[in-house]
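Summary of structural features
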Amino acid sequence: MKAKEYYNVAIYLRLSRDDGDMDGDKMESNSISSQRDMIRSYIKNQNNMEIYDIYVDDGYSGVNLDRPEFHRMMKDIEARKIDCVIVKDLSRLGRDYIEAGRLIQKTFPAFSVRFIALTDHFDSLTADDNEISLVVPVKNFVNDSYSRDISGKVRSHQKIKRENGDFIGAFAIYGYKKCENNRNQLVPDNYAADIVRKIFAWKIEGYSNLAIANRLDDLGILCPMEYKKMCGEKFQTGFVTRVKAKWSAVAVKRILTNENYTGTLVQGKEEKINYKVKKSVRKPEEEWTKVQDAQEAIVSKEDFKIVQDLFLIDTRAGNGREKTHKYAGLLFCGDCMEQMIRRVNCYKGKETVSFICATKNKNGECSRHAILEETLNHIVLTGLRQQVSLFLDKSNVMRSLEQMKVNFEEVVVFQKEMERLHREQDRYLGLRAGLYENMKKQIITEEDFKTFCEIYEKRYQELQRAITNQKETIKKLFQSGVTAGIHLDRMKMVMQVTELDRITLISLVKRILVYEDKRVYLELRTKEMYSNFIMPVGYVGTDEQSRGEAM
């Protein structure tokens, strides 16, 4: 490359967010200022250089060339406005050794652009072939390796934080906000949390996702993105299609399927392909990081489970309806196990509603299993009351309270066992601490010292695992007690109900089976819990009784 009499210089400055060299009172990083001052000082001492423009990519990684100011500079180079590029060091141009090498060895020479990296003492005008073909590639490779190493460390650090139950997202999930004292802790945002509860309640009540979205828009409730903007968050998404975003069926489903609302922090659903590619790929659910009770729950685990069950079955509303009928997704043929279809007949102004087997409706081999809705209502309500009365009669309530007392006594037993385990742990720590003194006094040999150390350490770890298991058992005992109390309150309400509604059905009934001879079986959601928790001593239920038979 021949020297020119005069150079129009592009000053290129870059700093990654990971460098973290920021001053809260300044709009740009101190390192950017440092780079600018260094390059300006260099140009001032040259009598054949003038600054054409300064290009600043502050907060952009060097692992790829997808940077706005870099692209602007390259356009000016292609337009022959620039014939010299100066950077502080090679890593400022980029940390991808292939891309950086291509720029220095091919692109810049093709446009007769001189390239200078000050602290690396590289000037393409004076550099020999050895420096261009060997030294520069090696330095670029080192810069690339640095990026790979930093990326690995960041991933490892984020993994540890996720496993510890720390929220590491840039923005809090709708319904939550970041705690003021701990930005890695989520706390409920009272207004948005109430909207989330309404969405779950409406879904259980029978509204479709689209109907819920329309209802929210009609009430003037801001969608998650608009709400974040109103709260002053610089939130951006690729889903924007209007000047002002509205609720959609997709947004509603995203909330209804988000397990975070139960208090379980779910993170790590996606990961980047590698440190050079921004694109992320979805990970299988078994690889997600889930931490129980990491934040306060907005929705109960029971209601969340009910909603997930609804997504597995066909609960679409009829034409022109925003709400499904109360038996949707619950009523099945007892023989072929297909869903029952609702039929409405009008005769002389009187409307009659009945249900028939879907298989028969499709000219299948099954029979009609027809049953009037009025008859079904009476049978189901009677069956629920019978089952609830079985749970709630005086003797059973007393026994359930006694059982709860036993559970709390079990907690005390487990706590005492934990105290014993801790004492035993301390004993082994003491024994291990005394081994060194025994070896110094030649009471035991060095080989004995190592052997006993391994034995004591192994026993200590076994005790630690036992303590962890005890803690989990106590946690489950408390949770089962609380959950049972919630379901018990719901069941008590059934005794006051005179007409069935969908919320009552969905909350208590998992499935209703209808047989050809009008037999109806109720499969309750809480059957496993109450068969152990409330059933009277010595009670042995038949399969039909345990499933809530109603005739």
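Read on for an overview of the structure. (Residues numbered from 1 in each chain as written. Predicted model: local features only at pLDDT ≥ 70, side-chain atom pairs only at ≥ 80, totals over all residues. Heavy atoms only, no water.)

Re the overall build of the protein chain
To be explicit about the condition: Each helix is a run of DSSP H or I of at least 4 residues and each strand a run of E of at least 2, with the numbering of both proceeding from the N terminus. Think of it in three bands: residues with accessible area under 20% of the maximum for their type are buried, residues over 50% are exposed, and the middle band is partly exposed, with areas taken using a 1.4 Å probe on protein chains only. All accessible-area figures derive from a Shrake-Rupley calculation using a 1.4 Å probe, and residue coverage is judged against the displayed protein chains alone.
Of regular secondary structure, the protein chain possesses 17 helices and 18 strands. Taking all 551 residues of the protein chain together, the buried fraction comes to 41%. Carbon and sulfur atoms form 50% of the exposed surface of the protein chain, whose accessible area is close to 31700 Å².

Details of the sheet that holds strand β3 (residues 84-87)
For clarity, the threshold we go by: In this scheme, strands are said to pair when DSSP sees at least two bridges between them. In this description, contact between two residues means that some pair of their heavy atoms is separated by no more than 4.5 Å. Between the N-to-C directions of two axes lies an angle of 0 to 180 degrees, each axis being a line fitted to C-alpha atoms and, for a helix, fitted only over the stretch in contact.
Reading across the sheet, the 5 strands line up as β2-β1-β3-β4-β5 and stay open at both edges, with mixed pairing between neighbours. With partners counted over all chains shown, the strands left at the sheet margins are β2 (49-58) and β5 (122-123), one partner each. Strand direction decides the pairing type here: strand β1 (residues 7-15) and β3, joined by 3 bridges, are parallel. Across the sheet, alanine 10 pairs through a bridge with valine 85, a residue of β3. Running over the sheet, helix α2 (residues 68-78) touches β1, β2 and β3 and is turned about 150° from β2.

Notes on the pattern of salt bridges
Here is the rule: Note on definitions: salt bridges are taken to be side-chain nitrogens of Lys or Arg within 4 Å of carboxyl oxygens of Asp or Glu.
Evaluation of the coordinates by the stated rule reveals 17 salt bridges. Glutamate 446 is the partner of lysine 450 in a salt bridge, and the nearest nitrogen-oxygen pair spans 3.9 Å. Separated by 4 residues within a single helix, lysine 450 and glutamate 446 lie in helix α14 (residues 446-494), roughly one turn from each other. A relative accessible area of 49% places lysine 450 in the partly exposed class. Linking glutamate 523 and arginine 511 is a salt bridge whose minimum nitrogen-to-oxygen distance equals 3.0 Å. Taken together, the residues span a long stretch of sequence, with glutamate 523 in strand β17 (residues 520-524) and arginine 511 in strand β16 (residues 509-514) at a distance of 12 residues. The partly exposed category is assigned to arginine 511, whose relative accessible area is 27%.

Regarding the packing of aromatic side chains
To keep it simple, the criterion reads: Working definition: a ring pair exists when centres of Phe, Tyr or Trp rings (six-membered ring for Trp) sit within 6.5 Å. Plane angles under 30 degrees give stacked, over 60 give edge-to-face, the rest tilted. We count a charge as sitting over a ring when the NZ of a lysine or the CZ of an arginine lies within 6 Å of the ring centre and within 35 degrees of the ring normal.
Taken as a whole and judged by the stated rule, the model has 12 aromatic pairs. Here the aromatic rings of phenylalanine 115 and phenylalanine 122 are separated by 6.1 Å at their centres, their planes lie at 50°, and the arrangement is tilted. Judged by relative accessible area, which is 1%, phenylalanine 115 ranks as buried. Each member of the aromatic cluster is reached from another via a ring pair, and the members are Tyr174, Tyr191, Tyr227 and Trp247. Over the aromatic face of phenylalanine 311 sits the side chain of lysine 253, whose NZ or CZ is 5.3 Å from the ring centroid.

Overview of the side chain of aspartate 76
In plain terms, the rule: In summary, the charge assignment counts Lys and Arg as positive and Asp and Glu as negative, without counting His or the chain termini.
Examined against the element boundaries, aspartate 76 turns out to sit in helix α2. Buried within the structure, aspartate 76 lacks any salt-bridge partner; its nearest side chain of opposite charge belongs to lysine 81, at an N-O separation of 4.0 Å. When near neighbours in sequence (up to four residues on either side) are disregarded, aspartate 76 contacts Tyr52, Tyr55, Lys81 and Ile82.

Looking at the state of the cysteines
Applied cut-off: A pair of cysteine sulfur atoms is labelled a disulfide when the two atoms are within 2.5 Å.
The tally for this structure, following the rule as stated, stands at 0 disulfides. You can see cysteine 333 has no disulfide; the closest cysteine sulfur is in cysteine 336, sitting 3.6 Å from it. Given a relative accessible area of 0%, cysteine 333 falls into the buried group.

Observations regarding unusual backbone geometry
One non-glycine residue with positive phi stands out, namely serine 112, at about 55°. Here serine 112 lies in the loop between α4 (97-110) and β4 (114-117). Located in the positive-phi region is aspartate 293, a residue other than glycine, with phi close to 55°. Mapping aspartate 293 onto the fold places it in the loop between β11 (289-291) and α10 (301-311). Aspartate 293 sits in the partly exposed class, given a relative accessible area of 41%.

Focus: helix α6 (residues 190-205)
Under the convention used in this document: Expected helix span is given by 1.5 Å per residue-to-residue step, counting one fewer step than there are residues.
Here α6 is 16 residues long and its end C-alpha atoms lie 22 Å apart, about the 22 Å a rise of 1.5 Å per residue gives. By the burial criterion, the buried members of α6 are Ala192, Ala193, Ile195, Val196, Ile199, Phe200, Trp202, Lys203 and Ile204. The secondary structure elements touched by the buried residues of α6 are β7 (186-188), α7 (209-218), α8 (224-230), α9 (249-256), α10 and α15 (502-508). Of the residues trailing α6, glycine 206 is marked for its positive phi of about 120°.

Regarding the nonpolar core
Definition in use: Working definition of a nonpolar core: buried Ala, Val, Leu, Ile, Met, Phe, Trp, Tyr and Cys residues. They are joined through side-chain atoms within 4.5 Å.
Within the largest apolar cluster, 63 residues are counted, with the highest numbers of intra-cluster contacts made by Trp247 and Tyr261. Among the elements that line this core, the one with the most residues is α6, at 8 residues. Setting aside its immediate chain neighbours within four residues, tyrosine 261 contacts Ile173, Tyr174, Tyr176, Val196, Phe200, Ile255, Ala297, Ile298 and Val299.

What to know about the pairing of strand β13 (residues 340-347)
It is a general feature of regular strands that their side chains alternate between the two faces of the sheet. Sheet topology places β13 next to strand β14 (residues 350-357); 8 bridges connect them, and they run antiparallel. Within the sheet, the bridge partner assigned to isoleucine 341 lies in β14 and is isoleucine 356.

As for the packing of α7 against α9
What counts, and what does not: Roughly parallel means an angle under 35 degrees; roughly antiparallel, over 145; roughly perpendicular, 65 to 115; everything else is oblique. Ten residue types, Ala, Val, Leu, Ile, Met, Phe, Trp, Tyr, Cys and Pro, are classed as nonpolar, four, Asp, Glu, Lys and Arg, as charged, and the remainder, Gly among them, as polar.
Close contact between α7 and α9 brings their axes to 8 Å; oriented N to C, the two are set at 105°. One finds that α7 runs roughly perpendicular with respect to α9. Mapping the contact onto sequence places Asn209, Leu210, Ile212, Ala213 and Leu216 in α7 and Ala249, Val252, Lys253 and Leu256 in α9. Within the contact of α7 with α9, the residues separate by chemical class into 7 nonpolar, 1 polar and 1 charged.

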